[in-house]
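Each chain, letter by letter, is given below.
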Amino acid sequence: KLLTMIGKRTDNSVNKTNVPFVFMVYKRVDYLMQAMDSLNSSDFPRERVPIVISHDGRVPDVVEYVEELKQDFKVVQLFHPYSCYEHPHSFPGNDSSLNQHYLGDSYGNPRSEWATCCKHHFTWMLKTVFASEDLKDYDTFFFSEEDYVVSPTIYTGIVDGLNVMAKTENSTRNGYFGLTVDW
């Protein structure tokens, strides 16, 4: 599993550090519910920091649930325009030309539609989040997927980690850094 944080540090206090959480979601509303329940029970400062939901299509159950989330969170919704949910038989989904003239990866494996969809959504989401007018006041983001349950102190842990990074000599290049937690 992969969680990623990308940003530029400008302030290091818990009460002034605003790190929106960005969730890439597909159609697993049950997983999203568990993730949001854990976030709601955590120290995430939902009164001042938004969550961003990047939808892979307008999946009715997911869209309806995200509307309900707006009672508890400041929500910014993004909809991937080339979602596999809404374009199941064209690129980047199950397109017959996906592997045309492609010899495979280093093991000879063809491109898979699910991985291609995920990569395209993730790349689009990154670009959209960093270019969003709604998010221009934020300089650091925490990226996750719909199936992550977070610890009760996730936000304090992130801010503490950012503080360590800020205090470490030569820890960043031009003030930017990325952190990946993979377990």
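The paragraphs below set out a description of the structure included in this document. Values in this document were obtained by computation on a predicted structure and should not be read as measured data. For every chain, the first residue of the written sequence is number 1, and numbering continues from 1 onward in sequence order. Two thresholds apply to this predicted model, a pLDDT of at least 70 for residue-level local features and 80 or more for giving and counting side-chain atom pairs, whereas whole-chain, interface and lining totals are computed over all residues. Working from all heavy atoms in the structure, the side-chain values ignore hydrogens and water.

It is worth spelling out the packing of aromatic side chains at this point. Stacked, edge-to-face and tilted labels apply to pairs of Phe, Tyr and Trp rings (six-membered ring for Trp) whose centres lie within 6.5 Å, assigned for plane angles under 30 degrees, over 60, and everything in between, in that order. Taken as a whole and assessed by the stated rule, the structure comprises ten aromatic pairs. A centroid spacing of 6.3 Å and a plane angle of 45° characterise the contact between Phe 141 and Phe 143, whose relative ring orientation is tilted. Side by side, Phe 141 and Phe 143 carry an identical accessibility label, which is buried. These aromatic residues form a ring-pair network of at least three members: Phe 21, Phe 23, Phe 44, Phe 73, Phe 142 and Tyr 155. Lying over the aromatic face of Tyr 102, Arg 111 brings its terminal NZ or CZ to 3.8 Å of the ring centre. The cut-offs for exposure are 20% and 50% of the maximum accessible area for each residue type, with area from a 1.4 Å probe on protein chains only; residues under the lower value are buried, those over the upper are exposed, and the others partly exposed. In this scheme, the term charge over a ring applies when either NZ of a lysine or CZ of an arginine sits within 6 Å of the ring centre and within 35 degrees of the ring normal.

Numbering of helices and strands runs from the N terminus, with a helix taken as a DSSP run of H or I at least four residues long and a strand as a DSSP run of E at least two residues long. Under the convention used throughout, the expected extent of a helix is 1.5 Å for every residue step, that is, one less than its residue count. Between its terminal C-alpha atoms helix H4 (residues 154-167) stretches 20 Å, which fits the 20 Å expected from 14 residues at 1.5 Å a residue. Residues Ile 154, Tyr 155, Ile 158, Val 159, Leu 162 and Asn 163 constitute the buried set of H4.

This paragraph deals with the state of the cysteines. The disulfide definition used here is simple: a pair of cysteine sulfur atoms within 2.5 Å. Counted according to the given criterion, the structure contains one disulfide. Disulfide pairing is shown between Cys 84 and Cys 117; the S-S distance is 1.5 Å. Here the disulfide of Cys 84 and Cys 117 is left-handed, its torsion about the S-S bond being about -95°. With Cys 84 in the loop between strand S4 (75-79) and helix H3 (113-131) and Cys 117 in helix H3, the pair connects residues that are 33 residues apart, well separated along the chain.

Turning our attention to a negative patch on the surface. Only residues whose relative accessible area exceeds 30% and that form no salt bridge enter a patch; like-charged residues are grouped when within 9 Å of one another, and nonpolar side chains (Val, Leu, Ile, Met, Phe, Trp, Tyr) when within 5 Å. Each accessible area value is a Shrake-Rupley result obtained with a 1.4 Å probe; residue values ignore everything except the protein chains displayed when judging cover. We count a salt bridge whenever a side-chain nitrogen from Lys or Arg sits within 4 Å of a carboxyl oxygen from Asp or Glu. The positive count covers Lys and Arg only, the negative count covers Asp and Glu only, and His and the chain ends enter neither. In this description, the location of a charge corresponds to atom NZ of lysine, CZ of arginine, CG of aspartate or CD of glutamate. A cluster of acidic residues, Asp 30, Asp 61, Glu 64 and Glu 68, forms a negative patch on the protein surface. Topologically, Asp 61 is positioned in helix H2 (residues 60-69). A relative accessible area of 52% means that Asp 61 is categorised as exposed.

Now for unusual backbone geometry. Even without being glycine, His 101 reaches a positive phi, approximately 65°. With respect to the helices and strands, the residue His 101 is situated in the loop between S4 and H3.

The next subject is the layout of surface pockets. As defined here, a cavity is a set of points on a 1 Å grid over the protein atoms alone where a 1.4 Å probe fits but cannot get out. A pocket is an open set with protein on both sides within 12 Å along at least five of seven lines, and residues line them when an atom is within 4 Å of a point. Grid points are joined across faces, edges and corners, and a volume is the space filled by probe spheres set on the points. One number sums up the size of the largest pocket: a volume of about 370 Å³. In this structure, the largest pocket is lined by 16 residues; those nearest its centre are Tyr 26, Asp 56, Trp 114, Cys 117 and Cys 118. For the lining of the largest pocket, the elements supplying multiple residues, two or more each, are strand S2 (21-25) and H3. With five residues, the top contributor of residues to the lining of the largest pocket is H3. By the convention adopted, Pro, Cys, Tyr, Trp, Phe, Met, Ile, Leu, Val and Ala count as nonpolar, Lys, Arg, Asp and Glu as charged, and the other residues, Gly among them, as polar. Residues belonging to the lining of the largest pocket are distributed by class as follows: eight nonpolar, three polar and five charged.

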